[in-house]
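Chains, contacts and geometry: an overview
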Amino acid sequence: MTLMAILTYAVIACAVFIFFDIARKGLPVLMPVFSEKGGEVLNTDFLTRMPETLVEFKDENGEEQSMPSSDFIEFSKANPDAVVTDKKANAYSGGGIVGPLVGTALLVIVCMAAALVVGIGAAVYLNEYANQGKFVGMVRLAIMNLAGVPSIVFGLFGFAFFCLFPLLPVFTTVPSEDRSLAAIPFAEWIPFFGGGYMSFEGWGNSLVAGGLTLAVMVLPVIIASCEEALKAIPKGFREASLALGATKWQCIRTAVLPYATPGILTASVLGVTRVAGETAPIMFTAAVALKAKLSWSAADGEGVYWLSNFLTDSVQAMPYHIYTVAARIPRTDATAAMQDGSVFVFMLLVMFFASFSIYLRIQYRKKLKW
Amino acid sequence: MVTTPLSEKNDPMTGSNNTSEADSPKPGQTTATSNPNPVPHGEAMIEIDDVSFSYDAGETNVLQNISFNIPKGKVTALIGPSGCGKSTLLRCMNRMNDLVDTSKVTSGQIRIMGQDINAHQVDPIELRKKVGMVFQKYNPFPKSIYENVAYGLKIQGVKNKSQLDEAVEKSLQRAALWKEVKDRLNSSALSLSGGQQQRLCIARTIAVSPSVLLMDEPCSALDPIATARIEELIAELQEEFTIVIVTHNMQQATRVSDRTAFFYLGELIEYDVTTKIFSNPSVPQTEEYITGRFG
């Protein structure tokens, strides 16, 4: 018994240690006021700039300096006579993390939109419509097993299916020469679509491919928790609704789904934390280490073509960014800031979502009691 | 045809006219030869004709060849020990048993207003609008009082606000709840007491203007005072609705019902005027049950 208690507390101790270690190193990056040197309250650059190459050098007084490459270019222009020695460049380690933050947010939005529609639909079918026989039992088992598939496998599946599969169309004014299977032109007079092509070339390394891959990965969890939420609805609600002359769908829509929403919502917020943290599924399908601009300013074209361009453009993402700066960049005093800061901000984000889901659950429990 | 002197006490509506009606069978009535337990008096609303029912696709019957007629505008009580099939029979009458995939009426017909409710062309949705049901455990939706009563009309597509308002007020009045809730129609139905919630469920059911009200032990979760209110309400509602009530409480059956059917192990043992069943039952089993010797 004592041993079990010790083991339990050891787990908690480890978690607390990890948390404080990240916070100790990361907090001064986000809020320099807590660092040894002191400084401003919030490092806004870190939250608003895109990641860049970090340039380290020694100025004429032999003092070590470091700045993002765009700042260094400005600096060189302003001081053309400055003597710069020992210049070193560290990729991805300068600037801020707004690119990965926005990319992760976009991925999560695409993923949850797809996962919720499919997941709720599947859960309603399995729980309300399907005959509860052997076959549905097997379908359920298969879905549960999907939850145990390694995420890298989902990544490879997504790469094969969403990125390369040539029957997936994109709307573009310039079809890819080597990848496009066929390009259907739209005449100029067609509203919204005029003047471009629907090109069957696959989605490539893109926001939509990554988001859908993540959706496939998180679906088993969403389906299972939606089913739990549906099962928790008292039988009386269904019976009352049907006895009043509701059709099955009316009953589900008005007397089941509204009361299952809190459960579905809690599950999906937890799904968000999981999706936001996944690296493997987006490595092949969506994420790139460096982008100069945010997705919406990078996308060109208008209307449908802008949207298509936006969705089929690659993005940066927090977990992939952390992997890049942690695994590919040597840790020096100059690069440590990006490494520690990214992890810290990401952890805050995950903690925010987790507590938000708990808050939602408490709120809904207060409101809906039966 | 069995004719039994009616208890005037339980027939505020039709009074002594029933005796004369009984002598001339109505068109809806089946003859004594095909139906061993015919309606003692009055026009049949629900004719149950040789009904057997199974929950497991016909392997075991939980109802065995039940035949009797439920008269229009009266309260009919179904009594019997637990598991005797009375609730099952009640749920056959609005086809709520359809929810169990393997359930099946294995023989016979249930006719409501002359229509076989299990016929192919009968839509259970339409049937349930005509045959309302009040459940054992009061089950208002966790919405406002107003929304609860308006629910049935709203799913039928009624959008007109004044029409809904009127129906809600009328239903709540008929369910003797209007005075208590008229100032807080928008507060949650779950803020009401248990008895009020059950009356709200009755209001919700009568809002869609059914012809028949099925009540499945409507008072079993309520205290004696709330029970008395519901019983008063049943007495008032029988003016407009044919009521079938399942109850475990034999005093309740004597208080509210005109006819009583006693079930045991899926069979109808005896069906007669309530006063006759409780004062002078013709089957010994019935007497043993109502005097508390088993069940």
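Residues numbered from 1 in each chain as written. Chains lettered and ligands numbered in written order. Predicted model: local features only at pLDDT ≥ 70, side-chain atom pairs only at ≥ 80, totals over all residues.

1. Let's talk about the sheet that holds strand S1 (residues 51-58) of chain A
All names here are of chain A. Formally: When DSSP finds two or more bridges between two strands, those strands count as paired. In this description a helix means any DSSP run of H or I spanning at least four residues, a strand means any run of E spanning at least two, and both kinds are numbered starting from the N terminus. A fitted line through C-alpha atoms represents every axis, and for helices the fit uses only the stretch in contact; the resulting angles, taken between N-to-C directions, go from 0 to 180 degrees.
Reading across the sheet, the three strands line up as S2-S1-S3 and stay open at both edges, with antiparallel pairing between neighbours. Every other strand in the sheet has two partners, leaving strand S2 (64-68) and strand S3 (85-95) as the edge strands with one partner each. Across the sheet, the mean angle separating the axes of adjacent strands is 20° when strand polarity is ignored. Pairing analysis gives six bridges linking S1 to S3, with the strands arranged antiparallel. Along S3, the bridge assignment pairs Glu56 with Lys88.

2. A short note on helix H13 (residues 318-327) of chain A
Convention followed: Exposed residues have 12 or fewer other C-beta atoms within 10 Å of their own C-beta, buried residues have 20 or more, and residues in between are partly exposed; the C-beta atoms are placed from the backbone.
H13 of chain A sits mainly inside the fold: seven of its ten residues count as buried. Within the span of H13 of chain A, buried status applies to Met318, Pro319, Tyr320, His321, Ile322, Thr324 and Val325 of chain A.

3. Considering the interface of chain B and chain A
Cut-off, in case you're wondering: This entry defines residue contacts through backbone-placed C-beta atoms, with two residues in contact when those atoms are within 7 Å. Residue polarity is assigned by list, with Asp, Glu, Lys and Arg as charged and Ala, Val, Leu, Ile, Met, Phe, Trp, Tyr, Cys and Pro as nonpolar; anything else, Gly included, falls into the polar class.
Each partner contributes residues to the interface: chain B has 21 residues there, and chain A has 19 residues. Listing elements by their share of the side of chain B that touches chain A, those giving two or more residues are helix H3 (124-130), strand S6 (131-134), helix H4 (145-155) and helix H7 (194-206) of chain B. Across the side of chain B that touches chain A, the residue classes break down as ten nonpolar, six polar and five charged.

4. Let's talk about the environment of Ser193 of chain B
Residues and elements named next belong to chain B. By the element assignment, Ser193 lies in the loop between helix H6 (178-181) and H7. On the basis of neighbour counts, which here come to 14 C-beta atoms within 10 Å, the residue Ser193 falls in the partly exposed class. Expressed as a C-alpha distance, the spacing of Ser193 and Leu222, which sit 29 residues apart in the sequence, is 9.7 Å.

5. A word on unusual backbone geometry
All names here are of chain B. Of note in the backbone geometry, Ala57 takes a positive phi value of approximately 55° without being a glycine. With respect to the secondary-structure elements, Ala57 resides in the loop between strand S1 (44-54) and strand S2 (61-71). Despite not being glycine, Met113 has its phi angle at roughly 50°, a positive value. Overall, the presence of 17 C-beta atoms within 10 Å leaves Met113 in the partly exposed class.

6. What about the domain arrangement of chain A?
Spelled out, the test is: Just so you know, the domain bounds were taken from an automatic or database domain assignment.
When its domains are assigned, chain A resolves into domain 1 (1-42), domain 2 (53-95) and domain 3 (98-165 + 202-367). If you average the C-alpha positions of domain 1 of chain A and of domain 2 of chain A, the two centres end up 33 Å apart.

7. Observations concerning H7 of chain B
Here is the rule we go by: Take the residue count of a helix, subtract one, and multiply by 1.5 Å to get its expected span.
Here H7 of chain B contains 13 residues, and its C-alpha end-to-end distance of 19 Å stays within 8% of the 18 Å for a straight helix at 1.5 Å per residue. Residues of H7 of chain B that are buried: Gly195, Gln196, Gln197, Gln198, Arg199, Leu200, Cys201, Ile202, Ala203, Arg204, Thr205 and Ile206 of chain B.

8. Comments concerning the nonpolar core
Threshold: In this usage, the nonpolar core is the set of buried Ala, Val, Leu, Ile, Met, Phe, Trp, Tyr and Cys residues whose C-beta atoms join them within 7 Å.
In terms of nonpolar packing, the biggest core is built from 154 residues, with Leu107, Cys111 and Val218 of chain A together with Val244 of chain B touching the most fellow members. Tallying contributions element by element places helix H7 (residues 207-231) of chain A first for this core, with 16 residues. Here Val218 of chain A is in contact with Cys111, Ala115, Gly271, Arg274 and Val275 of chain A, once residues within four sequence places are set aside.

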